[in-house]
Structure formats: structure tokens, C-alpha cells
Amino acid sequence: MKKNVLLSILLILLALTFGSCRRMAEKAARKVRIEAVEEFRLRGLTGAEMVLRIANDTRYNIELDQVELTLHYKENPAITLRLHESIEIDKRSTESIATRWKLKAEGLAMMLVARDLYNDDSSQIRVSFRIEGHGGPARIDIAQEKMLLSDFLSIFGITLQELKNQIRSYSDGVKNTFPQ
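This one's a predicted model, so the numbers in the text were calculated from it and none came from an experiment. (Residues numbered from 1 in each chain as written. Predicted model: local features only at pLDDT ≥ 70, side-chain atom pairs only at ≥ 80, totals over all residues. Heavy atoms only, no water.)

Asks: What is the right way to look at helix α2 (residues 107-118) in this model?
Replies: The α-helix winds at 3.6 residues per turn, so residues separated by three or four positions along the chain end up facing the same way. Between the first and last C-alpha of α2 there are 17 Å, a value that for 12 residues agrees with the 16 Å anticipated at 1.5 Å per step. Looking at α2, one finds that the buried residues are A109, V113, D116 and L117. In an axial view of α2, the angular spread of the buried residues amounts to 100 degrees, which keeps them on one side of the axis. Turned more than 90 degrees away from the buried face of α2, the exposed residues are L108, M111 and Y118. A positive backbone phi angle near 60 degrees is found at D120, which sits one or two residues after α2. (Helix = DSSP H or I, 4+ residues; strand = E, 2+ residues; numbered from the N terminus. Expected span 1.5 Å × (residues − 1). Buried < 20%, exposed > 50% of the residue type's maximum accessible area, 1.4 Å probe, protein only. Arc of directions from axis to C-beta.)

Have a look at this one:
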């Protein structure tokens, strides 16, 4: 009987500990954010470089080992970006970090995404992402499947119009790199 009571107490303490870790991880997730994409450059047909301004208001260094983001048109993947190498964000800091990405683009789906963005219709555009790494004692494993583009952008406080303006300024920069 005493053995069952002791086992029950241990299980309750274990459950409380897991709940506490989950709350700690959720709290930490609110304190880490991408504040801006400062630069974006394509590197050939299958690569990209981005300079991200990332804020880490936690008391732990954070290392992201795997990050993947996929833009979907309806159910079809249009563009997938996969972090090429891990990145580390120092505790209690805001840093601009150069990142390298592998890029996979599906031509037709990508053109349909561009058409809908141009026409201010993002209803068929979805975003999936997965982030893995660790911050202090907690493992980071965040994923979301096919959320609306507008919902994804609102996480970063970006409107669809701001995204369109950013794409337009990027494409103008690309046009200016080729001889007329």
C-alpha cells in the first residue's frame, strides 16, 4: 500500500514538472522573435541568403538546428526554404544574423502564388514551418501545418501589403542587376 502511495506521489510530481517545463518553453517562445528580414539574396537556383534581425529576451543562448518553411498554393508546395547550417542567438540580445538557406521552387505553383499576391487574394496561400533546436535546458520543437499566409504574417506584425512592397523592391533590385 505504501509503495502505491509513494508511486502515486512520484507520478504527480513528475506530471507537475512536465507541465512546468511546457509553460517555461511557451514563455520562452514569446521572448524570442524575428524582428525583420534585413536582406534577402538569391544564390543561384537553389540557394538564398537572408540577414535576420532576431531578438532573444531569454536568459539562455538559443541554437536553431533545423528550420524549414514551405509556402503552399492550395495543397501544392510552391517554395520551400531549409536552413543550411545551425544558428545561435546570444541570451538577452538583438542580433543581425546572416543565414544560408536551401531553396526549392515549384514553377507553376510559385507563379500562382505570385498571381494571387498581385491580385490581393491570399486565401489559397498557406504556410507550413518547423523549427528545431534548444534554448538552455529546453528542447525547441515548433511546427505548424498550412496556416493562412495572413495569419503567419501577423505573427511578425506584417501586412500583406508590406509583403508585396518588399517583394516589389526586391524584384526591382534584381531587374537593375541585369544589363538593359
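And the narrative resumes.
Asks: What should I look at first to understand unusual backbone geometry in this one?
Replies: Among all residues save glycine, negative phi is the norm, and among peptide bonds the norm is trans. Although it is not a glycine, R92 adopts a positive phi angle of roughly 45 degrees. Locating R92 in the fold gives a position in the loop between β5 (87-89) and β6 (93-105). Positioned with a positive phi, K146 is a non-glycine residue whose angle comes to about 45 degrees. The topology assignment puts K146 in strand β8 (residues 138-148).

Asks: Just to check I follow, could you spell out the pairing of strand β7 (residues 125-135) for this structure?
Replies: Regular strands place side chains that alternate from one sheet face to the opposite one. Here strand β3 (residues 62-73) pairs with β7 via 11 bridges, running antiparallel. Considered in β7, the bridge of E63 is made with H134. Pairing analysis gives nine bridges linking β7 to β8, with the strands arranged antiparallel. Bridging from a neighbouring strand, I131 pairs with I142 of β8. Where β7 hands over to β8, the hairpin turn is made up of two residues, of which G136 adopts a positive phi near 60 degrees. (Pairing = 2+ DSSP bridges.)

Asks: How should the environment of A143 be read in this particular structure?
Replies: Relative to the assigned elements, A143 resides in strand β8. On the accessibility criterion, A143 (42% relative accessible area) is partly exposed. Separated by 74 residues in sequence, A143 and L69 have C-alpha atoms that sit 9.7 Å apart.

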